[in-house]
Amino acid sequence: ALGGHSVHFENQNTGWIVGSGGIIQKTTNGGTNWFMQYSGTSRYLFNVSFSSLNTGYVIGDSGLIIKSTNGGENWLRQNSGTTSILRAQALINDNIIYVVGSNNAFLKTTNGGINWFSLSLGNSIEVGVFDIKFIDQYIGWTTGTVLQSHHHKIFKTTDGGKNWISLFDFGKTDLITSVFYNDENYGFLSLANGAVALTSILNTNDGGINWIPSN
């Protein structure tokens, strides 16, 4: 795949790759062969995710959100209401989606992207540029940076994004580049220096209150 930045497989055979230049490629045979899909944009695409074999969303540069309801054969642009870079998304189902990006871009839709509204982690928080994860409709985690201190934190919601509590302060040395949870207690994340060089992988078994280096 050319310019691949994000990959998503809905099952062992069917998956998509997106990346630079508006590239979307799909496989239906487990990655042996890939074919191009027309995205309708030349912007950098940061993330692709499908909630079913038919319905998927791709997000990217300059506030871009495009949606397909036929497995990627056609992509339609949505009105995100922002021009920020959009980097990560969490699909709860076909209709409920969270999107995070730079410059306080923190979006949610409950009607499949017809309308997007903004969420907030707090007045002094810049939404985490890199990742957001949910394990069900209510419980999720994202990252944020305190603007005054430049400390990187991880936040949790238990009410579908209405309220977020700060779980852990990682200081200002490394960025949180990826977050993953198996369930409400066990998860792990990666830290990187300048979002390029991976410095460590940490895990938690108490929902993110404490983090220890992975072996």
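Scroll up to find the structure this text is about.
This section reports on the structure supplied with the text. These numbers were taken from a predicted model, which means no experiment stands behind them. (Residues numbered from 1 in each chain as written. Predicted model: local features only at pLDDT ≥ 70, side-chain atom pairs only at ≥ 80, totals over all residues. Heavy atoms only, no water.)

## Section: the sheet that holds strand 10 (residues 97-101)
Hydrogen bonds between backbone atoms are what pair the strands of a sheet, whose relative direction is either parallel or antiparallel.
Thinking step 1. Pairing in this open sheet of 4 strands is antiparallel, and the strands run 9-10-11-12 from one edge to the other. Among the strands making up the open sheet, the edge pair consists of strand 9 (86-91) and strand 12 (117-118).
Thinking step 2. With 2 bridges joining them, strand 11 (residues 106-109) and strand 12 adopt antiparallel strand pairing. Paired with L107 across the two strands is S118, which belongs to strand 12. (Pairing = 2+ DSSP bridges. Helix = DSSP H or I, 4+ residues; strand = E, 2+ residues; numbered from the N terminus.)

## Some details on the pattern of salt bridges
Thinking step 1. All chains considered together, the criterion is met by 2 salt bridges.
Thinking step 2. A salt bridge links D131 to K133, with the shortest nitrogen-to-oxygen separation between them at 2.9 Å.
Thinking step 3. In this structure D131 comes out as buried when scored by relative accessible area, which is 7%.
Thinking step 4. Between K156 and E184 there is a salt bridge whose closest N-O contact spans 3.0 Å. Of this pair, K156 sits in strand 15 (residues 152-157) while E184 sits in the loop between strand 17 (175-181) and strand 18 (187-193), and the two are 28 residues apart along the sequence. (Salt bridge = Lys/Arg side-chain N within 4 Å of Asp/Glu carboxyl O. Buried < 20%, exposed > 50% of the residue type's maximum accessible area, 1.4 Å probe, protein only.)

## Examining a nonpolar patch on the surface
Thinking step 1. Together, F180, Y186, F188 and I201 line one region of the surface with nonpolar side chains, adding up to about 330 Å² of accessible area.
Thinking step 2. Assignment of secondary structure puts F188 in strand 18. (Patch = residues over 30% accessible without salt bridge, like charges linked within 9 Å, V, L, I, M, F, W, Y side chains within 5 Å. Areas by Shrake-Rupley, 256 points an atom, 1.4 Å probe, with all protein chains shown as cover.)

## Overview of unusual backbone geometry
Thinking step 1. Even without a glycine there, the phi angle at S62 is positive, about 55°.
Thinking step 2. Of note, S62 is situated in the loop between strand 6 (56-60) and strand 7 (65-68).
Thinking step 3. Exposure remark for S62: the relative accessible area of 33% places this residue in the partly exposed category.
Thinking step 4. If you check the backbone angles, N103 has positive phi at about 55° while not being a glycine.
Thinking step 5. Following the sequence through the fold, N103 ends up in the loop between strand 10 and strand 11.

## Some details on the sheet that holds strand 16 (residues 165-169)
Thinking step 1. Strands sit in the order 13-14-15-16 across an open sheet of 4 strands; the sheet is antiparallel. Every other strand in the sheet has two partners, leaving strand 13 (125-134) and strand 16 as the edge strands with one partner each. Each neighbouring strand pair of the sheet contributes to a mean axis angle of 30°, computed without reference to strand direction.
Thinking step 2. As paired elements, strand 13 and strand 14 (residues 140-146) share 6 bridges and run antiparallel to each other. The residue bridging I132 from the neighbouring strand is T142, located in strand 14. (Axes fitted to C-alpha atoms, helices over the stretch in contact; angles between N-to-C directions.)

## Quick notes on the nonpolar core
Thinking step 1. By size, the foremost hydrophobic cluster in this structure holds 15 residues, and its most contacted members are Y98, V100, F106, L121, I132, F134 and W164.
Thinking step 2. Secondary structure elements with two or more residues in this core: strand 9, strand 10 and strand 13.
Thinking step 3. The biggest single contributor to this core is strand 13, with 4 residues.
Thinking step 4. With residues up to four places along the chain from it excluded, the contact list for W164 reads F106, S120, L121, I132, F134, G140, W141, T142, F155, K156 and T157. (Core = buried A, V, L, I, M, F, W, Y, C linked by side-chain atoms within 4.5 Å. Contact = heavy atoms within 4.5 Å.)

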